[in-house]
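Residue-level listing of the chains:
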Amino acid sequence: KIQMGYAREDVIAGLCKAVATNYLNNVGKGKKINAPVVFQGGVSKNVGVVHFFEEALGCEVTVDADGHLMGAFGAALLAAGTPEQDLRPFEFDIDDFEFKTREIICQKCPNHCEIVCVYRDDDLIDSWGNRCDKGALKAKRK
Ligand code: SF4
């Protein structure tokens, strides 16, 4: 888009809007919201994404100053409530795995959803982008 002459701020705004829209479509799945909205995680620090969430939802979105730390906080709470014998160290070397992504187009209806697939070695471990369960891919759980 930059090469086609679009303004940098318009391209960035489009990316921020896409993040909010993808989340609402793929995770929110069109659910109606009738409660205060709190946005957390690292992306909540992106004021552009917050703006497009508020625009799409038609309400204020609350972002806590420490919201980017909530994942670590949750993991610490889980660990604190887990018996010590269950806290075995999970050791691995990242070089032991090969991660790849591949995009496929679902052909099961005219929407032709773009589904992003993530593989660890040759095993599908996650996918997203399908707008319905017909396009869902089964990830291998270990
Ligand atoms: S995932 Fe669902 S909505 Fe998307 S193309 Fe496949 S069947 Fe259609």
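Computed from a predicted structure; not experimentally measured. Just so you know, the residues in each chain are numbered from 1, in the order the chain's sequence is written. Local features in this predicted model are restricted to residues of pLDDT 70 or higher, and side-chain atom pairs are both shown and tallied only at a pLDDT of 80 or more, whereas totals for entire chains, interfaces and linings draw on every residue. Hydrogens and water are ignored here; the side-chain numbers use all heavy atoms of the structure.

## Let's talk about the sheet that holds strand 4 (residues 114–120)
Ordered in space as 3-4-5, the 3 strands form an open sheet in which the pairing is antiparallel. Two strands in the sheet have a free side with no partner beyond their single neighbour: strand 3 (99–105) and strand 5 (123–128). The sheet shows a mean angle of 30° between the axes of neighbouring strands, direction not considered. Any two strands between which DSSP finds at least two bridges are classified as paired. Comment: elements are numbered from the N terminus, with helices defined as DSSP H or I runs of at least four residues and strands as E runs of at least two. With 7 bridges connecting them, strand 3 and strand 4 associate as antiparallel partners. Opposite Lys100, over in strand 4, you have Tyr119 as the bridge partner. Angles here are taken between N-to-C directions and fall from 0 to 180 degrees, while the axes themselves are lines fitted to C-alpha atoms, restricted in helices to the stretch in contact.

## Structural notes on the domain arrangement of the chain
Each domain of the chain was delimited in the assignment, giving domain 1 (8–71) and domain 2 (94–135). The split into domains, and so the bounds of each, comes from an automatic or database assignment of domains. The C-alpha-based centres of domain 1 and domain 2 are spaced at 23 Å.

## Description of a negative patch on the surface
Candidate patch residues must exceed 30% relative accessible area and have no salt bridge, after which like charges are joined if within 9 Å and Val, Leu, Ile, Met, Phe, Trp or Tyr side chains if within 5 Å. In these tables, accessible area is a Shrake-Rupley quantity obtained with a 1.4 Å probe, and a residue counts as shielded only by the protein chains included in the view. The salt bridge definition used is simple: a Lys or Arg side-chain nitrogen within 4 Å of an Asp or Glu carboxyl oxygen. For this count, His and the chain ends are skipped, Lys and Arg are scored as positive, and Asp and Glu as negative. By convention, the point assigned to a charge is CZ for Arg, NZ for Lys, CD for Glu and CG for Asp. A surface patch of negative charge is lined by Asp93, Asp95, Asp96, Glu98 and Asp121. Tracing the backbone through its elements, the reader meets Asp96 in the loop between helix 3 (70–80) and strand 3.

## Here's the deal with helix 1 (residues 8–26)
For an α-helix the count is 3.6 residues per turn, leaving residues at separations of three or four pointing the same way. In this model, helix 1 (19 residues) spans 27 Å end to end at C-alpha, consistent with the 27 Å of a helix rising 1.5 Å per residue. Regarding helix 1, the residues found buried are Cys16, Ala20 and Leu24. Down the axis of helix 1, the buried side of the element spans an arc of 75°, and every buried residue falls inside it. Summarising the geometry of helix 1, the exposed residues directed more than 90 degrees from the buried face are Arg8 and Leu15. In what follows, a contact means two residues having at least one pair of non-hydrogen atoms within 4.5 Å. Buried residues along helix 1 sit in contact with helix 2 (47–57). Multiplying 1.5 Å by the residue count of a helix minus one yields the expected span of that helix. Remark: exposure states derive from per-residue accessible area (1.4 Å probe, protein chains only) relative to the maximum for the residue type, with buried under 20%, exposed over 50%, and partly exposed in between. What the arc describes is the spread of directions from the helix axis to the C-beta atoms.

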